[in-house]
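So the chains spell out like this:
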Amino acid sequence: MTVISKGKASTTRLRGFDQASLNGDHLNAVKAFLNTNDADLLAPFAGRSVTDDRGVSHPLETGPNTLRRLAHAGDEPFHEIYRLSL
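Thresholds applied
Residues numbered from 1 in each chain as written. Predicted model: local features only at pLDDT ≥ 70, side-chain atom pairs only at ≥ 80, totals over all residues. Heavy atoms only, no water. Helix = DSSP H or I, 4+ residues; strand = E, 2+ residues; numbered from the N terminus. Contact = heavy atoms within 4.5 Å. Areas by Shrake-Rupley, 256 points an atom, 1.4 Å probe, with all protein chains shown as cover. Buried < 20%, exposed > 50% of the residue type's maximum accessible area, 1.4 Å probe, protein only. Arc of directions from axis to C-beta. Salt bridge = Lys/Arg side-chain N within 4 Å of Asp/Glu carboxyl O.

**Q** Please give an account of the overall build of the protein that cites residues and values.
**A** When its secondary structure is counted, the protein shows three helices and four strands. N-terminal to C-terminal, the α/β element order of the protein is β-β-α-β-β-α-α. At a minimum sequence separation of 6, the contacts of the protein that also span at least 24 residues come to 55%. Total accessible area on the protein stands at roughly 5000 Å², and carbon and sulfur atoms take up 50% of it.

In structure tokens:
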């Protein structure tokens, strides 16, 4: 699953349904933010992270400027999830 963390988007296997669900909610919020420019949509994810199948924590990216930069940088995993979720 694509995870947006620490200024980049990467594909990561997440630990269980709850982690995948939280990450999916985050991706939906990012998409909505990029469509509306409403940074309040990202607030519920501030300070939250998802855990991969190896037990490594990935803090969810909530920086508006970082998310805009990723959306326009041509980062393939980010564009792929954004394109598929429209």
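**Q** Talk me through helix α2 (residues 64-73); I want residue IDs and the actual numbers.
**A** Among all positions in α2, only Leu67, Leu70 and Ala71 are buried. Each buried residue of α2 lies within a common arc of 100° when the element is viewed along its axis, so the set occupies one face. In α2, the exposed positions angled more than 90 degrees off the buried face are occupied by Asn65, His72 and Ala73.

**Q** Lay out the pattern of salt bridges in plain terms, naming residues and giving numbers.
**A** Any two side chains of opposite charge can pair, given that their charged atoms come close. Within the structure shown, the criterion is met by two salt bridges. Ionic pairing is found between Asp53 and Arg13, a salt bridge with its closest N-O pair at 3.8 Å. Of this pair, Asp53 sits in the loop between β3 (49-51) and β4 (57-59) while Arg13 sits in the loop between β2 (8-11) and α1 (16-36), placing them 40 residues apart in sequence. When its relative accessible area of 38% is taken as the criterion, Asp53 is described as partly exposed.

**Q** Give me the lowdown on the environment of Met1, citing residues and values where you can.
**A** Along the polypeptide, Met1 turns up in the segment before β1 (2-5). Between the C-alpha atom of Met1 and that of Asn23, which follows or precedes it by 22 residues, the distance is 8.4 Å.

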